[in-house]
Amino acid sequence: MSERFDIVVAGAGHNSLIAAAYLAKAGYRCLVLEGRPIVGGGVKSAELTLRGFTHDVCSSAHNGIHGNPLLREDELKLGDCGLEYIYPDPVFHMPFPDGSYLTQWRDLDRTCAEFAKFSKKDGQAYRQMITEYETVKPILNAVTFTPIGFGKPINDRLAELPNGKLWQRRLAMSAWEILRETFEDDHCRAFMMGCPYSLQPVQDPMTGRVAYIPLHQQRESRPLPKGGSGALSEALSRFIQAHGGVILPNKWVTALIVENNRCTGVECADGSSYRAEKAVLSTIHIKQLVDMAPRNLWGQDFIDGVDTWSAGLTLFATNYATSEPPKYAIEGGTLSPVHSGMMASSDRALRMSFDYDRGVVNLEDPPLHVICCSLADPTRAPAGMHTIKVVAYQPYSLKEGPLHWDLIKQRVSDANLDYLRRFSPNLTDGKTLARTIESPLDLERMNPHNWHGSCHAGASGPAQSGGMRPMPGWAQHRMPIPGLYQTGATTHPGGSVTGGPGRNAATVMLKDFGTSIDEVVKKKA
Ligand SMILES: Cc1cc2nc3c(=O)[nH]c(=O)nc-3n(C[C@H](O)[C@H](O)[C@H](O)COP(=O)(O)OP(=O)(O)OC[C@H]3O[C@@H](n4cnc5c(N)ncnc54)[C@H](O)[C@@H]3O)c2cc1C
């Protein structure tokens, strides 16, 4: 391709698409190269099982991105590009092995009453927790959607709150310490730990914020893009193309072009190469990126940071085409929610990271997250039919090695379905029409950014968060090779569908180019 581009983007996850969208709006000519046939990475939908059944390949719930100014302030007017969200109610339902259940509704009083079924005190505790959380939420949000080193550090921001010191302590505590002290009933604790599980071991220090995740979705629900998770990536693609950008699928980037110590383009597996006049923006995993240019250009600090990067907890997903949604027994009938989950007890939640650390598959009362998008969005399946995704949590690095997953994944998927049937017995063999399985190894095979099966590109503990993501000294999206920037889940604020790494990277790049994201947002068209 002889066309000239200002920015070449390597990899088209939602974060790099968001960054490219702001850069394109600023007037820079962007070329986006994606290795797979369809853009979006973890934000993609496809007919994985049968014709007419649109499954979310990875993510379904787009919670985090609703705090991003991209959507919160409607900065790019993605609705004009076809993006529309559905906000399911009930928000989340959890049945327990003893036949009881707890349902979170968008109505706060109704949710508090659900907690109070188990303990009057816990009903009050939930209400108080949410009231307190509302005071700190704007600060946590601002930190998430501000690049590292831009704006005040979190503790300075918290110091401005009357109870800021208490929040400093809470954020440094483990989520388990907070939940154990706040709730007395184990159903309430298990609900808060499994709704849904955050991929961080809840007993680890500095996970305090994880205790508040279920509160985040209390009012905003767990939003689904109408038509499938990929509708977000499609809307962003339309925006980029409408602003002069070009998106090329089936382009695996294999090397960085470095001239006079500056990154000036990329080479692809098919022999093509593309030049960038201003910058290259990568969402390639740092474990792979580091091999795409001579080692001496990165510096030892960066290489040490890559060598010590760890994957963290991993997922195991099965997608089903079914003729019925899950039906859970409740007082007076059954309930069919979009989002439901199983976490048998707080003990079970605490054992998850132990199994992970030992490389052991534990199928006893498996913690599950079950998503049936077709209940709220009939475009996902033929009339009367459904798509169901069953997400479990299993280690990538088995004692027998990751390839062992190919031998055991069917058995693990069967065990998860058997457990789900204890709560939703209607999902018999006759009602499940087809399935596809994604083991942690399959997740890495489908997207090398899911390094070692991690759908967040790596663990999100204190060693790999904030100014340590991807490593100390390189958390501002600027990489050691001038002209090269990094976005995606290996950068602050990490994985999930937040778009934070994307908008933050654009903020840094636009500043380096002599403008600002605020100027670009204000720009007409
Ligand atoms: C089963 C599952 C369920 C999930 N559910 C949720 C959920 O409900 N809510 C939520 O918030 N999050 C969820 N997640 C996590 C979420 O999907 C990811 O954290 C998020 O999509 C990461 O986005 P990203 O932009 O950083 O990169 P990615 O989505 O990983 O995209 C990276 C892109 O770069 C491409 N790429 C990589 N290397 C190259 C290369 N060398 N050349 C060219 N292209 C390359 C990849 O093909 C990919 O398209 C889930 C993940 C999984 C696996």
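Residues numbered from 1 in each chain as written. Predicted model: local features only at pLDDT ≥ 70, side-chain atom pairs only at ≥ 80, totals over all residues. Heavy atoms only, no water.

1. Observations concerning the packing of helix α4 (residues 120-144) against helix α7 (residues 175-182)
Okay, so step 1: For the pair α4 and α7, interaxial distance at closest approach is 10 Å and the crossing angle is 130°. Accordingly, the angle class assigned to the pair α4 and α7 is oblique. Residue-level inspection shows K121, D122, A125 and M129 of α4 in contact with α7, the latter providing I178, L179 and T182.
Okay, so step 2: Looking at the contact of α4 with α7 residue by residue, the classes come out as 4 nonpolar, 1 polar and 2 charged. (Axes fitted to C-alpha atoms, helices over the stretch in contact; angles between N-to-C directions. Helix = DSSP H or I, 4+ residues; strand = E, 2+ residues; numbered from the N terminus. Parallel < 35°, antiparallel > 145°, perpendicular 65-115°, else oblique. Contact = heavy atoms within 4.5 Å. Nonpolar A, V, L, I, M, F, W, Y, C, P; charged D, E, K, R; others polar.)

2. A short note on helix α16 (residues 500-512)
Okay, so step 1: Spanning 13 residues, α16 covers 18 Å between terminal C-alpha atoms, matching the ideal 18 Å at 1.5 Å per step.
Okay, so step 2: Most of α16 is tucked away: 11 of the 13 residues are buried.
Okay, so step 3: Residues of α16 that are buried: G500, P501, G502, R503, N504, A505, A506, T507, V508, M509 and L510.
Okay, so step 4: Looking one or two residues past α16, G514 carries a phi angle of roughly 90°, positive in sign. (Expected span 1.5 Å × (residues − 1). Buried < 20%, exposed > 50% of the residue type's maximum accessible area, 1.4 Å probe, protein only.)

3. Topic: the pairing of strand β10 (residues 253-259)
Okay, so step 1: The pairing of β10 with strand β11 (residues 262-268) spans 6 bridges and is antiparallel. Across the sheet, the residue bridging to V258 is C263, located in β11.
Okay, so step 2: Hairpin geometry of β10 and β11 is characterised by an intervening segment of 2 residues between the two adjacent antiparallel strands and by a positive phi of about 50° at N260. (Pairing = 2+ DSSP bridges.)

4. Details of the domain arrangement of the chain
Okay, so step 1: Domains assigned within the chain are domain 1 (5-86 + 226-310 + 456-522) and domain 2 (313-453).
Okay, so step 2: Relative placement of domain 1 and domain 2: their C-alpha centres are 28 Å apart.
Okay, so step 3: Domain 1 puts 34 residues into the contact, and the matching count from domain 2 is 28 residues.
Okay, so step 4: With both sides pooled, the region where domain 1 packs onto domain 2 buries about 2300 Å², and carbon together with sulfur makes up 61% of that total. (Domains from an automatic or database assignment. Buried area = accessible area lost by both parts, 1.4 Å probe.)

5. A look at empty space enclosed by the protein
A water-sized probe rolled over the atoms picks out the places where empty space is left.
Okay, so step 1: Per the stated rule, a full pass over the model turns up 5 cavities of 30 Å³ or more.
Okay, so step 2: Quantified by volume, the largest cavity comes out at close to 140 Å³.
Okay, so step 3: If you go around the largest cavity, you meet 15 residues; those closest to its centre are M352, D355, Y393, Q394 and P395.
Okay, so step 4: At the level of elements, α13 (346-358) and β18 (386-393) are the ones that each hand at least two residues to the lining of the largest cavity.
Okay, so step 5: In terms of residue class, the lining of the largest cavity is made up of 10 nonpolar, 3 polar and 2 charged.
Okay, so step 6: Forming the boundary of the second largest cavity are H55, D56, S60, N319, I371, C373, R380, T387, I388 and K389.
Okay, so step 7: When residues of the lining of the second largest cavity are assigned to their parent elements, the largest contribution, 3 residues, is made by β18.
Okay, so step 8: In the lining of the second largest cavity, the residues fall into 3 nonpolar, 4 polar and 3 charged.
Okay, so step 9: When residues are assigned to domains, the lining of the second largest cavity turns out to be shared by domain 1 (5-86 + 226-310 + 456-522) and domain 2 (313-453), each giving three or more. (1 Å grid on protein atoms, 1.4 Å probe; cavity = no way out; pocket = protein on both sides within 12 Å on 5 of 7 lines; lining within 4 Å. Points joined across faces, edges and corners; volume = space filled by probe spheres on them.)

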